[in-house]
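Summary of structural features
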Amino acid sequence: MLDLINVSYDTQIPNNVGLSTDKRVLKALEKWHPGYISWWNDLIPRDFQESLVYLRTAVSVDPKGWTKFDYVKMPEYRWGILLAPQIADRKIPCGEHAGDAAWQDVPGEYRAMLRRLIVIQGDTEPASVEQQRFLGRTAPSLYDMRNLFQVNVEEGRHLWAMVYLLHKYFGADGRDEADDLLRRSSGSQEAPRMLGAFNEETPDWLSFFMFTYFTDRDGKMQLESLAQSGFDPLSRTCRFMLTEEAHHMFVGETGVGRTIEQTCLMMKKAGIDDPFDINRIRALGVIDLPTIQKKLNLHYTLSLDLFGQEVSTNAANAFNAGIKGRYLESKIADDHRLNGDTYKVWNFVDGKMVQQDVPALTAINMRLRDDYTRDAAGGIGRWNKIIEKMGINFAMKLPHEAFNRKIGVFAGKFFDPAGMVVTQPAFEAGIREWLPTKADGDFIQSLMKPCYEAGKFAGWIAPPKVGIDNQAGDFEYVKLHMA
Amino acid sequence: MSKIIDFQTDPTTYHHWRVTYDGAVATLFMDVDESAGLFAGYELKLNSYDLGVDIELADIVQRMRFEHPEVKAVILRSGKERVFCAGANIRMLGGASHAHKVNFCKFTNETRNTFEAAGAESGQHYICAVKGACAGGGYELALACDYIILTDDGSTSISLPEVPLLAVLPGTGGLTRVTDKRKVRRDLADVFCATEEGVKGKRAKEWRLVDEVVANSKFEEAIAARARDFADRSTRATAATGIILKPLTRTIAADGSLSYSTIDVAIDRKARRATLTINGPDDDAPATMDEFERQGSQAYLLRLARELDDAILHLRLNELEIGLLVFRTQGDPQRVLAHEALLLDNARHWLANEVLLYWKRVLKRIDLTSRSLVALIEHGSCFAGILAEVLFAVDRSYMMEGDFEGDNRPRASLTLSPANFGPFPMSNALTRLQTRFLGEPVKVEGAHAHLRKPLEASEANELGLITFTFDEVDWDDEVRIFLEERASFSPDAMTGMEANLRFPGPETMETRIFGRLTAWQNWIFQRPNAVGAEGALQRYGTGQRGNFNLQRI
């Protein structure tokens, strides 16, 4: 009998989907595998490929104990195909088919829509690895380097998860799309990644932390809504991906938190109370809080753009078809069909921002974005606790959703971070205070010196409270192979 | 729609397009201003278009020919980052009346035909450079170009998603050009037209949907190279400098009647009739093409073509209940012939060629106008050559016979010229006289024997060139009764009957577009599966799918 909880290693590809008896898909995946390995090998700098990294590997999909930690060379990581356990009698949670039995095969009428959603999700997974490929060289500690690589291999595994769905359920077209996922590449002139935000390099570690906090959180929200899919294999795949994604959020939140903590600590030590005394603070080799706020402004607003247009036909279609739900769909108390319901969406009328009721079906993106903003606000509060505890008079905050937008109703218009309409000259004058400048970037870059000694940390970031897998502070998370 | 749709525009007022000129190569950027739709209620997102966008395109294509004769290759591309063109705006279509949809499609089809023909006719080749999503009407724009280059960036695709997405057809030539122009195998065409996400990369080339697929990094290089190739191969003379198409003189009276420098359009709303009186030239023909060029857009035959074109378009879109168009002329037929002779004798001169080609398009525009068309050949009229061609475009013609008491204008006549025997084929690729005498080709020769000779009623009748002749006793009543009867018939039946009777003879891609494709599209545009409250077109954007009546008809 198939063991659907524990991972089977009887094929080259660890899985809990009975791959050894599914010759067609196994063959397709084995054909795709070398391309993936060579993608990985070409991507991450050689030194790190040869290093032993203390990584967790999923060995089960049992929420109580799904993982085991050990040293592994990244190219030998057991990327596997893992679906959360099937829920008996699961129903389609939303849309016009709500209440019908969940689909175990792709419904023909929604083939194109489903495939597109899976391809777009799949395209973001390797993209972030590509964006972060050089960060190992400036890791502020082995602990952080290990976290980076953990995030990277898991994004790689998420690509596998999407490729499995394409191979298993979408025939020849699915195989072509799977190949294209390796052909497109972040920032490539030849074949860029599908979403704009995934074509920007992640230039420094603060950006990485901001990215994992804000942009991976968009990924989380997308996975949450795909986990509500009436197409059961997609739902199960995404549910398991979410258990991994939680670590990525953790890396982001604690990374930013530790940066803030170190800044405050050094300010206190030096007797600096004014958080805007930027030159003196920077001279301490830490990143001043206003600059961290600017980075926050940038990454938050870029991530908001990933939610697309506030009013979206594609999102409406996907919801109504039952292939993508809302965040925590099953916990929402309504009819899950939304015919006739409305939702408030920002619009711009006669030069003024107004909130208008639009059909709720068309506002699915907006709703998910609102959920995202609430979700993202949690960490801000915890960061501010750190600052407050140190007695420094400064608070991080999320800028207004109108600020610095390139997509949606606010695009092409000028707002300050508080959401007030400003003139273009005022915007251009203010931008130096609101978004990181090149000089800010240069300063941050100047701090990006690797710190490869076990238990040691670069001067701009505080050590974590606890180690990964409860390891001691001087644990050697990466055994570097520096040939 | 109470607001008048104006077909006149000029480069200083474009909202949606930019053109850059570099010697023999022009680049036309589609960069639609989403907030500048022709009507309220929709935003032109993702480079989608409405009639307003197409009016500007038509103007650009026209000016390209007259104002920029130096251009031999036009690169059509998107001014937006990630999208080429999403096609006709769906919300606009969903909100538009049936009549507006039909006329919108007709005009966009005519514009596609115009730039499609520019390559073969006057050596001005349109090359389409596709990067970013190119869907529906977007791909139809590409299809009308002489060459399509597609970037292989892993995400750019071309598609005709109308059927799966909207339950309508790619009606701006899409279905027809896929099979008739690009000669895509019909089963692959079936796959393509039923696949919402379309086709990308090499497959697009393998399926003949594009001419060239290039690596994204080589895209700009390939576009430039191809534009150079086409410019080098162009048959167009190099030396010419263009003429400026100056704004038309047009006034619109309170009752809707129009007055141009060469045409008066009298609206009789009660009779559902517009009478278009074309006035012959006041001045002698220019002696040379140099003089014609100096006159530029004021030269009589060019001015008349522009004014007639505008009048027809105005009536089509703004006067939906005017079911009858009555064509009259007044003036000196010999002078008309003299004006046209300059062009016909200098047909290889770039400007003469362009004016004649423009007349070809205007006459086709008349052929394709879904109103009952009638010509009255009265005393003093000047139906000669190009203007006589109007007689063979209309559904019926009535001619005065003999003297009318108290009327001292010259006797009604019509005069044939070489213009009636070749330069102005209809969309079926035959001349209007060939089409008229499909069963008796010898009659074309018979008519040719009377070249340049003023033909009075009995002779014209005998040659089969007119429908009826009436003398002063019968004229008023017969014409009145006909017009009244015609106005009483069902407008739908008239549209259908006329469209069938006007285009006998062979099928061409054009007749297939305006006949088969348009007719089926217009049928679907009336059906609940598309436009009913639960139809796919109405529901598009709501998230709900169309609820179809499953009966096959």
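Residues numbered from 1 in each chain as written. Chains lettered and ligands numbered in written order. Predicted model: local features only at pLDDT ≥ 70, side-chain atom pairs only at ≥ 80, totals over all residues. Heavy atoms only, no water.

As annotated in an unreviewed UniProt entry, chain B carries the name Benzoyl-CoA-dihydrodiol lyase and is attributed to Candidatus Raskinella chloraquaticus.

As recorded by an unreviewed UniProt entry, chain A carries the name Benzoyl-CoA oxygenase subunit B and is attributed to Candidatus Raskinella chloraquaticus.

1. Examining the overall build of chain A
For clarity, the threshold we go by: Each helix is a run of H or I in the DSSP string that is no shorter than four residues. Each strand is a run of E no shorter than two, and both are numbered from the N terminus. Computation of the radius of gyration draws on C-alpha atoms, with the globule rule given as 2.2 Å multiplied by the number of residues to the power 0.38. Accessible area is worked out with a 1.4 Å probe on protein chains only. A residue is then buried under 20% of its type maximum, exposed over 50%, and partly exposed in between. Two residues form a contact once any of their heavy atoms are found within 4.5 Å. Each accessible area value is a Shrake-Rupley result obtained with a 1.4 Å probe; residue values ignore everything except the protein chains displayed when judging cover. Only four residue types enter the tally: Lys and Arg on the positive side, Asp and Glu on the negative side, with His and both chain ends excluded. One atom stands in for each charge, and that atom is NZ of Lys, CZ of Arg, CG of Asp or CD of Glu.
A tally of helices and strands in chain A yields 13 helices and five strands. Its C-alpha atoms give chain A a radius of gyration of 23 Å, within 12% of the compact-globule value 23 Å for 483 residues. A principal-axis box enclosing the C-alpha atoms of chain A has dimensions of 65 × 65 × 45 Å. Within the span of chain A, comprising 483 residues, buried residues form 59% of the whole. Contacts in chain A between residues far apart in sequence, at least 24 positions, make up 72% of those at least 6 positions apart. Of the roughly 19,000 Å² that chain A leaves accessible, carbon and sulfur atoms contribute 53%. Within chain A, one finds 57 positive and 64 negative side-chain charges whose respective centroids are separated by 1 Å.

2. So, the overall build of chain B
Assigned secondary structure in chain B consists of 22 helices and 23 strands. Here the C-alpha atoms of chain B give a radius of gyration of 24 Å, agreeing with the 24 Å that 2.2 N^0.38 yields for 553 residues. Within chain B, buried positions represent 58% of all 553 residues. Looking at chain B alone, contacts between residues at least 24 apart form 75% of all its contacts between residues at least 6 apart. Taken as a whole, chain B presents about 22,200 Å² of accessible surface, with 50% of it coming from carbon and sulfur. Side-chain charges in chain B split into 65 positive and 78 negative, and the spacing between the mean points of these groups amounts to 7 Å.

3. Section: a negative patch on the surface
Rules: Here, patches come from residues exposed beyond 30% relative accessible area and free of salt bridges, joined within 9 Å for like charges and within 5 Å for nonpolar side chains (Val, Leu, Ile, Met, Phe, Trp, Tyr). We define a salt bridge as a side-chain nitrogen of Lys or Arg found within 4 Å of a carboxyl oxygen belonging to Asp or Glu.
Together, Glu401, Glu405, Asp471, Glu472, Asp474 and Glu478 of chain B make up a region of like negative charge exposed at the surface. With respect to the helices, strands and loops of the structure, glutamate 405 of chain B is situated in the loop between β20 (396–400) and β21 (414–415).

4. Concerning a nonpolar patch on the surface
Together, Trp520, Trp523 and Ile553 of chain B make up an exposed nonpolar region whose accessible area comes to about 370 Å². Checked against the element boundaries, tryptophan 520 of chain B lands in helix α20 (residues 509–524).

5. Overview of the sheet that holds strand β11 (residues 199–200) of chain B
Residues and elements named next belong to chain B. Under the convention used in this document: DSSP-based pairing: two strands are paired if at least 2 bridges between them are found.
If you walk across this open sheet you meet the four strands as β5-β8-β10-β11, and the pairing is mixed. Of all strands in the sheet, those with a lone pairing partner are β5 (83–85) and β11, marking the two edges. With two bridges joining them, β5 and strand β8 (residues 133–135) adopt parallel strand pairing. Looking across to β8, one finds that valine 83 is bridged to alanine 133.

6. Focus: the packing of aromatic side chains
Let me state the cut-off plainly: Here a Phe, Tyr or Trp ring, Trp counted by its six-membered ring, pairs with any other such ring whose centre lies within 6.5 Å, and the pair is stacked when the planes are under 30 degrees apart, edge-to-face when over 60, and tilted otherwise. In this scheme, Lys NZ or Arg CZ marks a charge over a ring once it lies within 6 Å of the ring centre and within 35 degrees of the ring normal.
Applying the stated rule across the entire model yields 48 aromatic pairs over all chains. Seen in terms of ring centroids, phenylalanine 403 of chain A and tryptophan 434 of chain A are 5.9 Å apart; in terms of plane orientation they differ by 85°. Their pairing is edge-to-face. Pair noted here: phenylalanine 403 of chain A is in the loop between α11 (364–389) and α12 (424–434) and tryptophan 434 of chain A is in helix α12, with a separation of 31 residues, a long-range link. For tryptophan 434 of chain A, a relative accessible area of 17% gives the class buried. Taken together, the ring pairs in this structure connect Trp32, Tyr36, Trp39, Trp40, Tyr77, Trp79 and Trp160 of chain A into an aromatic cluster. Over the ring of phenylalanine 29 of chain B we find arginine 18 of chain B, and its NZ or CZ is 4.7 Å from the ring centre. Here the guanidinium or amino end of lysine 101 of chain B rests over the ring plane of phenylalanine 525 of chain B, the centre of that ring lying 5.5 Å away.

7. Re the pattern of salt bridges
Tallying each qualifying case throughout the model produces 85 salt bridges over all chains. A salt bridge links lysine 220 of chain A to aspartate 375 of chain A, with the shortest nitrogen-to-oxygen separation between them at 3.0 Å. Residue lysine 220 of chain A is located in helix α6 (residues 205–227), and its partner aspartate 375 of chain A is located in helix α11; the two are separated by 155 residues in the primary sequence. When its relative accessible area of 16% is taken as the criterion, lysine 220 of chain A is described as buried. Glutamate 484 of chain B serves as the salt-bridge partner of arginine 480 of chain B, at 3.2 Å between the closest nitrogen and oxygen. With arginine 480 of chain B and glutamate 484 of chain B both in helix α18 (residues 475–488) and four residues apart, the pair spans about one turn of that helix. According to the relative accessible area criterion, glutamate 484 of chain B is partly exposed, its value standing at 45%.

8. Structural notes on helix α1 (residues 51–67) of chain B
Residues and elements named next belong to chain B. What counts, and what does not: The span expected for a helix works out to 1.5 Å for each residue beyond the first. Any N or O atom pair separated by 3.5 Å or less is treated as a polar contact, with the protein-specific requirement of one donor-capable and one acceptor-capable atom, and with residues adjacent in sequence counted only for side-chain atom pairs.
Between its first and last C-alpha, α1 extends 23 Å over 17 residues, near the 24 Å set by a 1.5 Å rise per residue. Counting buried positions along α1 gives 16 out of 17 residues, so the element sits mostly inside the fold. Where α1 begins, one side-chain oxygen reaches toward the backbone nitrogen of glycine 52, 3.1 Å away; that side chain belongs to aspartate 50.

9. Some remarks on the interface of chain A and chain B
Many authors give the size of an interface as the accessible area that is lost as the parts come together. Operational definition: Put simply, buried area is the surface a 1.4 Å probe can reach on two separate parts but cannot reach once they are joined, added for both. The nonpolar class holds Ala, Val, Leu, Ile, Met, Phe, Trp, Tyr, Cys and Pro. Asp, Glu, Lys and Arg form the charged class, and all remaining residues, Gly among them, are polar.
Every contact between the two is made by 29 residues of chain A and, on the other side, 21 residues of chain B. Its largest share of buried area at the contact with chain B, chain A owes to Arg183, Glu190 and Thr313 of chain A, together 24% of the area lost on that side. Summed over the shared surface of chain A and chain B, the number is 10 salt bridges. For glutamate 197 of chain B, the salt bridge goes to arginine 111 of chain A, with nearest N and O atoms at 3.9 Å. Elements that contribute at least two residues to the side of chain A that touches chain B include exactly α3 (111–131), α5 (171–183) and α10 (313–321) of chain A. Looking at which element gives the most residues to the side of chain A that touches chain B, the answer is α5 of chain A, with five residues. Residue classes in the side of chain A that touches chain B are distributed as eight nonpolar, eight polar and 13 charged.

10. Overview of the domain arrangement of chain B
Residues and elements named next belong to chain B. What counts is decided by this rule: As annotated, the domain borders come from an automatic or database domain assignment.
Each domain of chain B was delimited in the assignment, giving domain 1 (12–233), domain 2 (250–501) and domain 3 (509–539). Each of domain 1 and domain 3 has a C-alpha centre, and the two are 21 Å apart. Each side of the interface is counted separately: domain 1 has 26 residues, and domain 3 has 19 residues. When domain 1 packs against domain 3, close to 1,900 Å² is buried across both sides, 69% of that on carbon and sulfur atoms. Summed over the three residues of domain 1 that lose the most area to domain 3, namely His98, Leu169 and Thr176, the buried surface amounts to 25% of that side. Across the domain 1-domain 3 interface, the total number found is one salt bridge. The shortest N-O distance in the salt bridge between aspartate 180 and arginine 512 comes to 2.6 Å. At the junction of domain 1 and domain 3, the tally comes to four residue pairs in polar contact (both at pLDDT 80 or more). If you list the elements that add at least two residues to the side of domain 1 that touches domain 3, you get α2 (90–95), α3 (98–122), α5 (162–166) and α6 (174–181).

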